Structures are given as C-alpha cells and as structure tokens.
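# Coordinate analysis (summary)
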Amino acid sequence: MNVLVIGNGGREHALVWKIARSPKVDKVYCAPGNAGIAEVAECVDLPPSDLEGLVRFAYRKKIDLTVVGPEAPLVAGIVDAFEAQGLAIFGPSRKAAEIEGSKAFAKHLMQRYKIPTARYAVFTDPGEASEYVKREPVPIVVKADGLAAGKGSIVCRTHEEALQAIQQIMVERIFGRAGERVVIEEFMVGEEASILAITDGERMVVMPPSQDHKPIYDGDQGPNTGGMGAYCPAPVVDAEMLERVRREILEPAIRGMALEGRSYRGCLYAGLMITEVGPKVVEFNCRFGDPETQAVLPTIDEDLVPLLEGAAAGKLPQEGILESRRWAVCVVMASGGYPGPYEKGKVIQGLDRPFPEDVIIFHAGTSREKGQLVTSGGRVLGVTGLGATISEAIERAYWAVGKIVFDGAYYRKDIGQKALRRLRVMAGAGRA
Ligand code: AMP
Ligand code: GLY
C-alpha cells in the first residue's frame, strides 16, 4: 500500500511512525511533514489547505489510503473532495466534522442523545449572553463556537471575567468569525482524560485512555497551549470507567451522528472530565489528539492500518477496546515564549546519535536549513519514553530530554506526576 498522511506536527509524526511499521505498507508520503517525518516518509510540499492539490497528488501517486491529521482540512471538506474522486481517506466528512467545527452543534447533539456534559446555553447576541452570565454561578466557561486552534475556551473565575470574555470573543472578535456565536457552560470539577476511538460509523475500536497537560507551567498553571505532554494509559480511566465512556458517550455519539444523517467515520476524540458522578464531555474533536497520539500509539501492538482502512471503507474489521502493552510518557519541548510569541530557527543539538529503543523522538516544529536541524514552531519535539511502569517511562522521557539542546528550550517537569500520585493513592487504599 501507498499511504499519504496530511499534516506537519508531532501527531502526524506518530501516525507516520506507526503506519510505516505495518507489513501492509510499502511507502508513506506526508504533506507537508517536517524534518523528523522526512526520515521515515517522503515529504510533499503541499499545505493541508490545498484540497485540490492533495486530491491530484493522491490520484497521480496511486495512494491507497490518505490519513488526515488536523481538524482544519476535515472541517473544510477534504474527505468529501477525496471521496468524490473515488479515493480512500480516513476521517469524517465535512458534515460529520462539525462535531468539532461547531461547539453549539456538539452541545445540541449531546442534549438530543442524552450524552453527559456541562449544562449550557448558546448566544449570538453579546447583550443576551451578558445578561445570562450575570444570573449564573461562577466559575463559568465562555467558548467561541468555531475553530480557534484549541484556544477558544475561557474559564472565568468571576462575573467580571465572564463579561470580559464575552466582549473579547463576540465584540472584539479575538478568534475571528469563530466568535459569532458563543457557548456558555457550567464549570465541571474533576480530572480530565482523552479517549480516542476509531469508528466506521457504526462499530468502533477504543484506544487506551490518555491524559494531556494543557497549561504551559508545572502544576497546571498559566495559559493553555496545544498540549505540553501526555501519558498513556491514564489510571483515572480504569476498565470500568472506560466501559462507561463507551456506553454513555461514544456509542450514543456515533449512533446520534448516524441518525442526524452525518454518519461519523474516522477518529472520534472525546475530551472528558471524570467527575464525582461519572464521565462528562468537555469537547469532541474530529481527529487524533496532539500530543495524546505520541503517547497512545507506542503503547499498542496492533497494526493500525487495517483499522484506518476499514473505518475509511465503512467496515471496521474488529471492535472492542485495545490494551496498552506498556506505559508511555511524552514530554513536549517547546520554543521559549510559547504559547505567546517565540523565535524560530534555533539549532537543535543532540539528535544526531541514535536513542535506545524505549525512547522515540517525535518532531513537531522542526525543519532543515542548510543541513542543520532547526526549530520552526511553538511545539518543537515530543519526546516519548516507554517503560514497564509509569515511573520508568517518566525517567526515560526526561533522560532523553536532557540530551537535547536548543536555545530557549522549555518543557514542563511534571508530565505524568498526576498518574503517579493516583497510582500511589490506589496502592495505599489497596493495602489499607
Ligand atoms: P476546550 O477548548 O473545550 O477543549 O477547553 C479547554 C480547556 O478548558 C479544557 O481542557 C478544560 O481544562 C477547560 N474547560 C473547558 N470547558 C470546561 C468546563 N465546562 N468545566 C471545566 N473546565 C473546562
Ligand atoms: N491535545 C488536545 C487536542 O489535541 O485537542
């Protein structure tokens, strides 16, 4: 098979890495890819927004399966464009990708199909939105309806902050047209987790649970980022909880989408809050998570390609829950200043020698300039450590991080600590 992966981040490097290991695959292309991806796949200089160019490329190179990483081309209808030409592609159609493209649509879906989530209201008028928040308890969450690169949700501690968030999103339009509508929702208390499920519109394969680390600083302080690290599996979602997530959230979502005439094929990402009364949805995404994918894929031994191929064709070869065979911890190394302004073009040192098998370096914002590896984005590398225990995986990941140097490199020091704490408490409770 010839496979084309679309995107240029750490998630796409992990997808390319996993797909290239499949005995079914002869050649992997990636558009546009990055310096790390170029070591495993042939990179093609086409941006994910060039739907026509990508269709032409897939046709010309006889691509058997295209796998889409980011949400923007999915929401723009890349799957519809490929399928109109008879090309196999993994991902939801434009109408199905609305589950991420519009938070109001996702909330209505959850309401109609009784999927547990935060209580909410939707507004197109800033005056009405402001009146509403004044009557609601705080904290409260104000979210731009459309895509905002993961930064469209503002958690507000006071009524003043909520009124300011409405002003910024709806009047000043800091997220552009994504702020034409807002979803205002109740603040949920609990621990977050991410669940990825591959579905053909009816059946599904659930991947092991993982946990992202969104805020920039240790201890979950500071502004939100795309994600500063992840680990898998996430002990906050034990087998019983995962079964509840499947029954109460994933199955009704997939059934609901089919009933709405938006049959969902691809990866459905449920961002969850594990609350005292059970799992509740924070958001749905229409794709694999980043950096969750860099932690989830190295823990499973199954060949991903038959699942991607089967989902794209509308007939998944199996269903059920995949098991993690090991622990994985991915530490993101970012450019100094991220998620605010940062400099690019810093030389990256330490990656010329091979790393042991239990370390995988996934590239995100890297490129090659005059033969030198340099930074080219906010999140630069995802360094994944593997182990038989989470402590071992944490130790390997940070050992490898310590070997890599670039000017201004920043990373969180506490990736995986929440899992470690939870496991210790669980072990303590078991002994008692
Ligand atoms: P989102 O853009 O919906 O992924 O939200 C970004 C982050 O804001 C989430 O990962 C949560 O940490 C937080 N968040 C969003 N909605 C809620 C909510 N209803 N209750 C508590 N935290 C939330
Ligand atoms: N890690 C969060 C996301 O992929 O949206």
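Calculation notes
- Residues numbered from 1 in each chain as written.
- Chains lettered and ligands numbered in written order.
- Predicted model: local features only at pLDDT ≥ 70, side-chain atom pairs only at ≥ 80, totals over all residues.
- Heavy atoms only, no water.
- Pairing = 2+ DSSP bridges.
- Helix = DSSP H or I, 4+ residues; strand = E, 2+ residues; numbered from the N terminus.
- Contact = heavy atoms within 4.5 Å.
- Axes fitted to C-alpha atoms, helices over the stretch in contact; angles between N-to-C directions.
- Near = heavy atom within 4 Å.
- Polar contact = N/O pair within 3.5 Å; in protein donor to acceptor, adjacent residues only side chain to side chain.
- Areas by Shrake-Rupley, 256 points an atom, 1.4 Å probe, with all protein chains shown as cover.
- Nonpolar A, V, L, I, M, F, W, Y, C, P; charged D, E, K, R; others polar.
- Buried < 20%, exposed > 50% of the residue type's maximum accessible area, 1.4 Å probe, protein only.

Quick look at the sheet that holds strand 2 (residues 27–32) now. Across the sheet, 5 strands lie side by side as 3-2-1-4-5; this open sheet has parallel pairing. The open sheet terminates on both sides in strands that have one partner only, identified here as strand 3 (42–43) and strand 5 (89–90). For strand 1 (residues 2–7) and strand 2, the ladder comprises 6 bridges, and the chain directions are parallel. Residue pairing for strand 2: Val 3 is matched across the bridge by Val 28. Each of strand 1, strand 2 and strand 4 (65–68) touches helix 1 (residues 10–20); the most contacted strand, strand 1, lies at about 170° to it.

Okay, the site of ligand 1 next. Around ligand 1, a shell composed of 16 residues is seen, among which Ser 153, Glu 185, Met 188, Glu 192 and Glu 283 lie nearest. Within the contact set of ligand 1, an oxygen atom lies 2.8 Å away from a side-chain nitrogen or oxygen of Glu 283. Protein coverage of the free-state accessible area of ligand 1, which is 470 Å², stands at 93%. The residue inventory of the shell around ligand 1, partitioned by class, reads 7 nonpolar, 2 polar and 7 charged.

Let us look at the environment of Glu 98. Note that Glu 98 resides in helix 5 (residues 94–101). Residue Glu 98 is classed as partly exposed on the basis of its relative accessible area, which comes to 28%. With 186 residues separating them in the primary sequence, Glu 98 and Phe 284 have C-alpha atoms 9.7 Å apart. Discounting residues that sit within four places of it in the chain, Glu 98 has contacts with Phe 105 and Arg 262. Polar contacts involving the side chain of Glu 98 include one to the side chain of Arg 262, which spans 3.0 Å.

Everything listed here is a matter of geometry and, on its own, says nothing about what the molecule does.
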